[in-house]
Amino acid sequence: LTMANNTCRIKVGAENLLIDETGVSGLFYIEGEVPLLSSGLMDNSWGWALDYIEVGLLQSKVDQFGFGGMIAVPILKETTPLGYEAHINFPDPASDNYEYMFAVTLEDDLQFPLWNAAQVNLMGGSQIIIEGEIGPNGKVVEFLPTANLSGSLAIGKPSDYVNNPNGPDVKI
């Protein structure tokens, strides 16, 4: 499917599709090239795009769900959105437990000031991930936040380094 202004192409598909006497199994997805949209969140300074959504079935029961895309955050330039993805897995259909994962990934290098006291330079590929497991009645069984950040942190304002352009750098 293509929109009239050619800004969006959408692909619908299924992988590992099996239909038999036990039901339908497979991964069904919709993905596309959707432009970043502004939204009503936080005075229209946030933008978002949903690039894919997927649902996995095992014997006609949902065993996984996921989606992802891009999100624009006010502190970042409009040309530097973050990639995001989220997944929920139901590994054991007989159990009420489920696993979740949410990740935000920096697509390109990013520079921004921090509290007017430092300059942060993050490299593309830096990522924050939250994973865990939820048990019966919504009780958290496991919670594992992870930050994989690459870049540098320069303490002080840029004007402090007029005679020393390198300044004190902390590599991360």
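In case you missed it, the structure is sitting above this.
Residues numbered from 1 in each chain as written. Predicted model: local features only at pLDDT ≥ 70, side-chain atom pairs only at ≥ 80, totals over all residues. Heavy atoms only, no water.

Draft legend 1. The arrangement of the pairing of strand 6 (residues 82–89) in detail. Bridging between strand 5 (residues 61–72) and strand 6 involves 8 bridges; their strand directions are antiparallel. Following the sheet pairing, I71 is matched in strand 6 by L82. With 8 bridges connecting them, strand 6 and strand 7 (residues 98–106) associate as antiparallel partners. From the neighbouring strand, A86 faces strand 7, where its bridge partner is F102. (Pairing = 2+ DSSP bridges. Helix = DSSP H or I, 4+ residues; strand = E, 2+ residues; numbered from the N terminus.)

Draft legend 2. Molecular detail of the pairing of strand 10 (residues 127–134). As paired elements, strand 7 and strand 10 share 8 bridges and run antiparallel to each other. Opposite V104, over in strand 10, you have I128 as the bridge partner. Pairing analysis gives 8 bridges linking strand 10 to strand 11 (residues 140–148), with the strands arranged antiparallel. Across the sheet, E133 pairs through a bridge with E142, a residue of strand 11.

Draft legend 3. Representation of the environment of S60 in the model. Within the element layout of this structure, S60 appears in the loop between strand 4 (47–58) and strand 5. Since its relative accessible area comes to 46%, S60 is described here as partly exposed. C-alpha of S60 to C-alpha of V24: the two residues are 36 residues apart in sequence and 4.7 Å apart in space. In this structure S60 touches G23 and V24, once residues within four positions along its chain are discounted. (Buried < 20%, exposed > 50% of the residue type's maximum accessible area, 1.4 Å probe, protein only. Contact = heavy atoms within 4.5 Å.)

Draft legend 4. How the structure looks around a nonpolar patch on the surface. Taken together, the side chains of I10, V12, I30, W48, L50 and I53 define a hydrophobic patch exposed on the protein surface, amounting to about 490 Å² of accessible area. Where the nonpolar patch is concerned, the elements lending two or more residues are strand 1 (10–20) and strand 4. Ranked by residue count, the leading element in the nonpolar patch is strand 4, at 3 residues. Relative to the assigned elements, L50 resides in strand 4. The class of L50 is partly exposed, set by a relative accessible area of 33%. (Patch = residues over 30% accessible without salt bridge, like charges linked within 9 Å, V, L, I, M, F, W, Y side chains within 5 Å. Areas by Shrake-Rupley, 256 points an atom, 1.4 Å probe, with all protein chains shown as cover. Salt bridge = Lys/Arg side-chain N within 4 Å of Asp/Glu carboxyl O.)

Coordinates in, geometry out; function isn't part of it.
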